[in-house]
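Architecture and fold: a report
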Amino acid sequence: MKVASTPQPRARVLSMPEYHPPLGNRDTLRLDFNENTVACSPAVERAIRNMTAAELTRYPEREPVEALAAQQLDLAPEQVILTNGVDEAIHVLCQAFLDTGDELLLPVPTYTMYAIYASATDATLCTVQADSTLAFPFEALKAAITPRTKLIAIANPNSPTGSIATREQLITLAEAAPHAILLVDEAYFHFYGETVIDLIGKLPNLIVARTFSKAYGLAALRLGLLAGPVHLLRWTRRVLSPYSVNSVALTALTAALQDSAYIDWYVRQIKQARTEFLAALDTMGLQYWPTEANFVLVNIGTLHREFVSAMRDKAILVRDRSADPGCDGLVRITIGTPEQMHSAITTIQTFVRTYKLAGVVR
Ligand SMILES: *Cc1c(COP(=O)(O)O)cnc(C)c1O
């Protein structure tokens, strides 16, 4: 028997692309990841500083914090799972539910990690392309449901488009695919304000994800949450590490959940900056997509590379989404505070002026 010289991964892993998120550095304004652009609540910082070395010797216990999170969402503790970011939540859902022959149904463009984690399973990826308006492709998605559909993942608001699925549309999809899980990823909930989390348990196949990486400003600690009916979460718990959320993250989350005033303050800042930033884009004649999130997708056209690099020269990082399906020439810009966005506006104005003078734009 001929023996391979080195161990080979599963065929599905062999064909997976590598995911390399772009790196930044400390002295830039990061408008490329939709993170909180300021900080987490000062109460979180205090809670972490007050941790003792003894606490680090013990394995983390997520249950008390799950109970606190559940209580704030008006859910039972068994209806909530804390995860190492929503990314781990997506991973364990794929591991628990996607089998050979199953289909993951996705509107695209959307958040990258659904396809990445699904591609490591033996399921088939089925995508539904949004039309040129980039609106949520509700009818096409509904028509794409088959008896094999096992998971439908919808980011709401969606990234990078900012598009919205209405509550009625989500209910219709859940009811049209009772044999599938409808995952509604509410990563940008705080900036949007609408949720279907109140339907947990009422719609038997609905699971909602929330992250603490965006409004809460805790991306580094990796904290996410799944809310769903007990009969679905029990399978998910089987494949989840009991210790994937570490004690520092649990301590931080306890403090963060108790400081809702901080989130209210941060969201107010971002909404004000969003209004001002969109008005500035209008004035400059740049086309963008409607947004209820802390980012906006802007049409830069053929100059998208020059734009991203001109911003980087002024120490502002934005995200070129041109490689996403249907997104050629589109750049996603995170909305920070009003002050931060003023500096972004100045840089964009200079860019537009320079290229307008050169007769390249419009
Ligand atoms: C940013 C983002 C996430 C990130 O979740 P983590 O908790 O940081 O893993 C999940 N879903 C969507 C749609 C996002 O935009």
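Quantities reported herein were computed from a predicted structural model and do not represent experimental measurements. (Residues numbered from 1 in each chain as written. Predicted model: local features only at pLDDT ≥ 70, side-chain atom pairs only at ≥ 80, totals over all residues. Heavy atoms only, no water.)

Next up on the list: empty space enclosed by the protein. Summed over the entire model, instances satisfying the criterion amount to two cavities of 30 Å³ or more. Of the pockets and cavities examined, the largest cavity occupies roughly 70 Å³. Along its surface, the largest cavity is lined by 16 residues, and Pro-107, Phe-136, Pro-137, Asn-158 and Ser-163 are the ones closest to its centre. Counting only elements with at least two residues in the lining of the largest cavity, the list comes to strand 3 (103-108) and strand 5 (149-155). Looking at the lining of the largest cavity residue by residue, the class counts come to twelve nonpolar, four polar and no charged. The calculated volume of the second largest cavity comes to roughly 40 Å³. Considering the residues around the second largest cavity, the lining is formed by Cys-40, Ser-41, Val-44, Tyr-216, Leu-218, Ala-256, Asp-259, Tyr-262 and Ile-263. Class assignment for the residues of the lining of the second largest cavity results in seven nonpolar, one polar and one charged. (1 Å grid on protein atoms, 1.4 Å probe; cavity = no way out; pocket = protein on both sides within 12 Å on 5 of 7 lines; lining within 4 Å. Points joined across faces, edges and corners; volume = space filled by probe spheres on them. Helix = DSSP H or I, 4+ residues; strand = E, 2+ residues; numbered from the N terminus. Nonpolar A, V, L, I, M, F, W, Y, C, P; charged D, E, K, R; others polar.)

To continue, consider the site of the ligand. Around the ligand, the surrounding shell holds 14 residues, and the nearest of these are Asp-185, Tyr-188, Thr-211, Ser-213 and Lys-214. In the model, an oxygen atom of the ligand is placed 2.5 Å from a nitrogen or oxygen of the Tyr-188 side chain. Here an oxygen atom of the ligand sits 2.5 Å away from a polar atom, N or O, in the side chain of Thr-211. Its free accessible area being 390 Å², the ligand has 94% of it covered by the protein chains. It is helix 5 (residues 85-97) that contributes the most residues to the shell around the ligand, three residues altogether. (Near = heavy atom within 4 Å. Polar contact = N/O pair within 3.5 Å; in protein donor to acceptor, adjacent residues only side chain to side chain. Areas by Shrake-Rupley, 256 points an atom, 1.4 Å probe, with all protein chains shown as cover.)

Another aspect to go through is the sheet that holds strand 12 (residues 319-320). Each strand in a sheet pairs with its neighbour through backbone hydrogen bonds, running either in the same direction (parallel) or in the opposite one (antiparallel). With antiparallel pairing, four strands are arranged side by side in an open sheet as 9-10-13-12. Whereas interior strands pair on both sides, the edge strands pair on one side only; in this sheet they are strand 9 (287-288) and strand 12. When strand 10 (residues 295-299) meets strand 13 (residues 330-334), the two strands line up antiparallel, connected through five bridges. Across the sheet, Phe-295 pairs through a bridge with Thr-334, a residue of strand 13. (Pairing = 2+ DSSP bridges.)

A separate point is the UniProt feature "domain: Aminotransferase class I/classII large" (unreviewed entry) in the protein chain. UniProt tags residues 29-348 as "domain: Aminotransferase class I/classII large" (unreviewed entry). Within residues 29-348, the helical portion is 41% and the strand portion 18%, while the C-alpha atoms at the span's ends are 14 Å from each other. (UniProt positions renumbered as here; feature names shortened; annotations may be inferred.)

For the coordinates displayed, the defined rule picks out ten salt bridges. Here Glu-66 makes a salt bridge to Arg-237, at a shortest N to O gap of 3.7 Å. With a gap of 171 residues between them, Glu-66 in helix 4 (residues 63-72) and Arg-237 in helix 10 (residues 230-239) connect regions that are remote in the sequence. Classification of Arg-237 as partly exposed rests on a relative accessible area of 32%. Glu-186 is paired through a salt bridge with Arg-210; the nearest N and O atoms lie 3.0 Å apart. Pair noted here: Glu-186 is in the loop between strand 6 (181-185) and helix 9 (189-192) and Arg-210 is in strand 7 (residues 206-211), with a separation of 24 residues, a long-range link. (Salt bridge = Lys/Arg side-chain N within 4 Å of Asp/Glu carboxyl O. Buried < 20%, exposed > 50% of the residue type's maximum accessible area, 1.4 Å probe, protein only.)

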